[in-house]
Amino acid sequence: MKQQDSSLLSIVKLTKLILLMVGLLFFTAVISTAYLLRDGGDKPIFSIVLPNGQEEEGIEQYQKKEFFIVKDTSGLGQSLEEEYIKYGYTLINETYKHIGPLADNPDMRYAGNNLACKNCHLDAGQKKFAAPYVGLFGLFPQYRGRENKIGTLEERINGCMERSMNGKKLPKDGKEMKAMVAYMKWLSEGVPTGTKLEGRGFLALQVPDRKADLGKGKEVYAKKCQSCHGQEGKGVSNDIGGYIYPPLWGEDSYNHGAGMHRVLTAARFIKGNMPLGATYEKPLLSDEEAFDVAAYINSHSRPLKENTEKDYPDLSRKPMDSPYPPFADNLSAEQHKYGPFH
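Bear in mind the structure is a predicted one, so any value in this text is a computation, not a measurement.

The rules behind the values
- For every chain, the first residue of the written sequence is number 1, and numbering continues from 1 onward in sequence order.
- For this predicted model, a pLDDT threshold of at least 70 governs which residues receive local features, and a threshold of 80 or more governs which side-chain atom pairs are given and counted, while totals over whole chains, interfaces and linings are taken from all residues.
- Side-chain figures throughout are based on the complete set of non-hydrogen atoms in the structure, without hydrogens or water.
- A run of H or I in DSSP becomes a helix once it reaches four residues, and a run of E becomes a strand once it reaches two; helices and strands are each numbered from the N terminus.
- Residue exposure (1.4 Å probe, protein chains only): buried if accessible area is under 20% of the type maximum, exposed if over 50%, otherwise partly exposed.
- For this analysis, residues touch if any pair of their heavy atoms sits within 4.5 Å.
- Computed by Shrake-Rupley with a 1.4 Å probe, the accessible areas treat only the displayed protein chains as cover when residues are assessed.
- Think of it this way: a Phe, Tyr or Trp ring, Trp meaning its six-membered ring, pairs with another when their centres are within 6.5 Å, and the plane angle makes it stacked under 30 degrees, edge-to-face over 60, tilted otherwise.
- By nonpolar core is meant a set of buried Ala, Val, Leu, Ile, Met, Phe, Trp, Tyr and Cys residues that side-chain atoms within 4.5 Å join together.
- By convention in these notes, a salt bridge is any Lys or Arg side-chain nitrogen within 4 Å of a carboxyl oxygen on Asp or Glu.

A.B. asks: How should the overall build of the chain be read in this particular structure?
C.D. replies: When its secondary structure is counted, the chain shows eleven helices and five strands. Counting every position in the chain, which comprises 342 residues, the buried fraction comes to 44%. Taking the contacts inside the chain whose residues are at least 6 apart along the sequence as the reference set, 66% of them involve residues at least 24 apart. Split by element, the accessible area of the chain, about 18,400 Å² in all, is 55% carbon and sulfur.

A.B. asks: Hey, could you run me through the packing of aromatic side chains in this one?
C.D. replies: Remark: the centre distance and the inter-plane angle together describe each pair of aromatic rings, the angle taken between the planes. Evaluation of the coordinates by the stated rule reveals nine aromatic pairs. Relative to Tyr 296, the ring of Tyr 221 has its centre 5.6 Å away and its plane inclined at 50 degrees; by these criteria the two rings are tilted. One end of the pair, Tyr 221, is in helix α8 (residues 214–229); the other, Tyr 296, is in helix α10 (residues 287–298), with 75 residues separating them in the sequence. Here the two residues Tyr 221 and Tyr 296 agree in accessibility, since each one is buried. Plain terms: the ring middles of Trp 249 and Tyr 296 are 5.9 Å apart, the flat faces sit at 85 degrees to each other, and that makes the pair edge-to-face. You can see Trp 249 sitting in the loop between β5 (243–245) and α9 (263–273) and its partner Tyr 296 sitting in helix α10, a full 47 residues away along the chain. Under the relative-accessibility criterion, Trp 249 is labelled buried at 8%.

A.B. asks: I'm lost on the nonpolar core in this one. Help?
C.D. replies: The nonpolar side chains of a soluble globular protein tend to be buried with one another. Of all hydrophobic cores here, the largest spans 35 residues; its most connected members are Tyr 133, Met 180 and Tyr 183. Among the elements of the structure, α3 (80–93), α6 (153–162) and α7 (175–187) are those that each provide at least two residues to this core. A per-element tally of this core places α7 first, with nine residues. Not counting residues within four places of it along the chain, the set of residues in contact with Tyr 133 comprises Ile 92, Cys 117, His 121, Ala 124, Gly 125, Tyr 183, Met 184, Leu 187 and Ser 188. In this structure, Ala 130, Ala 212, Phe 269 and Ala 294 belong to the second largest nonpolar core, which totals 29 residues.

A.B. asks: Would you mind showing me how to read the environment of Pro 247 here?
C.D. replies: Tracing the sequence through the fold places Pro 247 in the loop between β5 and α9. Each C-alpha atom of the pair Pro 247 and Gly 230 lies 8.3 Å from the other, and the pair is 17 residues apart in sequence. In this structure, Pro 247 is in contact with Leu 115, Gly 233, Lys 234, Gly 235, Asp 252 and Ser 253, ignoring residues within four places of it in sequence.

A.B. asks: What am I meant to see in the pattern of salt bridges here?
C.D. replies: Two side chains with opposite charge may pair up if their charged atoms get near one another. On inspection of all chains with the given rule, the structure shows 14 salt bridges. For Glu 189, the salt bridge goes to Lys 71, with nearest N and O atoms at 3.5 Å. On the criterion of sequence distance, the pair formed by Glu 189 in the loop between α7 and α8 and Lys 71 in the loop between α2 (55–64) and α3 is long-range, its members being 118 residues apart. Its salt-bridge partner being Glu 147, residue Arg 146 comes within 3.3 Å of it at the nearest N-O pair. The class of Glu 147 is partly exposed, set by a relative accessible area of 33%. Here the salt bridges do not stand alone but share partners, grouping Arg 144, Arg 146 and Glu 147 into one network.

Everything listed is a geometric property; what it means functionally is a separate question.
Here it is as structure tokens:
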């Protein structure tokens, strides 16, 4: 009888423990979801919490700390991890050669154009305000409005493969994916998880309260962009099949589902990085010039991505400058593409 009572007591205790754990998990899920969805957009699940009651001061200190120190893969050794990092660096710089149209093995041709990741992620992902990889590793898993779910870094990379590279997804457990992630993790060493570094993403832009002027954009392009990217936007090829200066439109450029096809995204990138010699500290174009030339570039034809109507299942989270339907409002596709956005 005593043995039965002891067994019953153990079962009761175990049941209480299980219920407590389920309750804690549910509470955590509710709080996390509320945080992730409170403003929309892209948010990391994790955030850094620093001790001694100095959270805000500490986070700000880390955000301003200089992590953008150019790292050279030539100093790496031959361990498995270091070999992955070096291969990831190679893939970022010569995407077209190893996993693109020029790959020797047809089964390895995942990218659909001859761009390289570094054409958008300048200096192989190490330049401020040029979509850097520095600190990126610790921002995933992350909620993304385009998919309306929490996604992994691997899924984010495959988003680029399908859109900017106009291709298809890499196997998530393949060598190439592991190498890219290893390289991004290496660039993020020392950056606390969840820290949004100063220099992440693109430069801020004061958006003009008007429709983009394609005529003025064409003038800016002719004066500031054409010498590198060509009158027809075809870019300048290198000697191994990629580009010194990438094409900005046409069949070998990013498709219409890419983030760079959004005028405001392109304008922010252009302001902080173009033309050659521009930096976030010393832009060479005004906000209005960047806005107009971004619109001019994206007014040209480019490959069309299939199934873009499935993007942003929750249309209230779709950016105003997303150029393809459906939309959550009654504004025209032209206004969504060229503005005004206010």
